[in-house]
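Here's the letter readout for the chains.
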Amino acid sequence: MQNPTRVRRAGSRDQAAVADLAVINNMFAVNELDGLTDAFISAVNGELDSHQWFVVTAQDDEVIAAAYLAPEPFADRLWNIYFIAVHPSRHGAGIGTALLAHLEELLRDRGEAAARVLIVETSSTGQYEATRRFYEARGFDREAQIREFYGPGDHKVVFWKALAD
């Protein structure tokens with residue numbers, strides 16, 4: 001990473017910064033943030049078992065990236081990264097790679113009895129082409145595509161990675 005940064009668990013004070021990351025990366029419109037905000041608040045307050053938000057901060061404690069990690073319900077030791085975003089001014093600086101590596105290390109440290117597989121889902125649209133390349137370059141396999149999931153012509157693309165070495 002170009003600038004000194006650190007990864008930490010998100011707290012309630014980070015809610016606005018996470019929402020800003022979602023909007024500035026064109027992941028959500030301002031009027032679409034309710035679900036993301038609810039997930040953030042519930043996880044940070046401990047209402048959702050094992051759901052965790054993380055932020056990456058710059059030296060001045062500015063939030064420059066965030067991720068949301070949770071176990072996939074009804075699956076065997078499978079975890080999902082439901083959200084990961086880096087401020088556009090920091091794209092290409094290795095921050096997303098470091099954040100993803102941090103999440104993987106956290107899960108590996110829990111052991112195979114707790115974490116076996118990591119998945120991440122994204123859109124098939126051109127806007128997310130770089131995102132899909134990002135996951136593939138970091139060892140994720142393109143596992144599935146669910147047609148029309150997000151809307152007409154916008155398919156869900158699922159990436160998969162084993163956590164055991």
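For every chain, the first residue of its written sequence is number 1, and the numbers climb from 1 along that sequence. In view of the model being predicted, local features appear only for residues whose pLDDT reaches at least 70, and side-chain atom pairs are presented and counted only at 80 or more, with totals across whole chains, interfaces and linings using the full set of residues. Hydrogens and water are ignored here; the side-chain numbers use all heavy atoms of the structure.

**Details of the packing of aromatic side chains**
How we decide: Aromatic rings from Phe, Tyr and Trp, with only the six-membered ring used for Trp, were paired whenever their centres fell within 6.5 Å, and each pair was classed as stacked if the ring planes differed by under 30 degrees, edge-to-face if by over 60, and tilted otherwise. By definition, any uninterrupted DSSP run of H or I lasting at least four residues is a helix, any uninterrupted run of E lasting at least two residues is a strand, and each is numbered from the N terminus. Per-residue accessibility, obtained with a 1.4 Å probe over protein chains only, is compared with the maximum for each type, and a residue is labelled buried under 20%, exposed over 50%, and partly exposed between these values.
For the structure shown, the criterion picks out 8 aromatic pairs. With a centroid separation of 5.3 Å and an interplanar angle of 50 degrees, the aromatic rings of W53 and F83 are classed as tilted. Here W53, found in strand β2 (residues 52–58), pairs with F83, found in strand β4 (residues 78–86); they are 30 residues apart in sequence, far enough to count as distant. One exposure class covers both W53 and F83, and it is buried. Both rings, one in Y135 and one in F159, keep their centres 5.7 Å apart while their planes meet at 40 degrees; by these two values the pair is tilted. One end of the pair, Y135, is in helix α4 (residues 129–137); the other, F159, is in strand β7 (residues 154–162), with 24 residues separating them in the sequence.

**A few points about the nonpolar core**
As a rule of thumb, nonpolar side chains are buried together in soluble globular proteins. As a reminder of what qualifies: We define a nonpolar core as any set of buried Ala, Val, Leu, Ile, Met, Phe, Trp, Tyr and Cys residues linked to one another through side-chain atoms lying within 4.5 Å.
One finds L69, I81, L118 and Y135 to be the most contacted residues of the largest nonpolar core, which totals 26 residues. Of all elements in the fold, only β2, β3 (63–71), β4, α3 (95–110), β5 (117–123), α4 and β7 reach the threshold of two or more residues within this core. Counting residues per element, this core draws most heavily on α3, at 5 residues. Membership of the second largest hydrophobic core comes to 18 residues, among which are L21, A22, A43 and V55.

**Quick word on the pairing of β4**
Every other side chain in a regular strand lies on the same face of the sheet, so the side chains alternate between the two faces. The line we're drawing: Think of it this way: DSSP has to see at least two bridges between two strands before they count as a pair. By convention, a crossover is right-handed whenever its connection, traced from the first strand over the helix to the second and viewed with the strands pointing away, goes clockwise.
Counting buried residues along β4, 8 of its 9 residues qualify, which places the element largely inside the surrounding structure. The loop that links β3 with its antiparallel partner β4 comprises 6 residues; one of these, F74, has a positive phi angle of about 65 degrees. Where β4 and β5 come together, 4 bridges link them in parallel fashion. Residue pairing in the sheet places N80 in a bridge with I119 of β5. Read as a crossover between parallel neighbours, the route from β4 over α3 to β5 is right-handed.

**Focus on α4**
The line we're drawing: Of all possible arcs, the one meant is that of the directions from the helix axis to the C-beta atoms. Contact criterion: two residues are considered in contact whenever any of their non-hydrogen atoms come within 4.5 Å of each other.
Buried within α4 we find R132, F134 and Y135. Each buried residue of α4 lies within a common arc of 155 degrees when the element is viewed along its axis, so the set occupies one face. In this structure, the buried residues of α4 make contact with β4, α3, β5, β6 (141–151) and β7. Remark: G139 follows α4 within two positions and exhibits a positive phi of approximately 90 degrees.

**Considering the sheet that holds strand β1 (residues 5–9)**
Threshold: Angles run from 0 to 180 degrees between N-to-C directions of axes, and those axes are lines fitted to C-alpha atoms, restricted for helices to the stretch in contact.
Here we have 7 strands laid out as an open sheet, ordered β1-β2-β3-β4-β5-β7-β6, and mixed in their pairing. The sheet is open, and its two borders are formed by β1 and β6, each paired with just one other strand. Between one strand axis and the next, the sheet turns through 25 degrees on average, direction left out of account. Contacts between α3 and the sheet are confined to β1, β2, β3, β4, β5 and β7, with β4 contributing the most and set at about 160 degrees to the helix.

**A look at the pairing of β2**
With 7 of its 7 residues buried, β2 lies for the most part within the structure. Bridge analysis of β1 against β2 gives 5 bridges, and the strand direction is antiparallel. Among the inter-strand pairings, R9 is bridged to a residue of β2, identified as F54. Bridge analysis of β2 against β3 gives 6 bridges, and the strand direction is antiparallel. Across the sheet, the residue bridging to F54 is A67, located in β3. Between the end of β2 and the start of β3, which pair antiparallel, lie 4 residues, with D61 showing a positive phi angle near 70 degrees.

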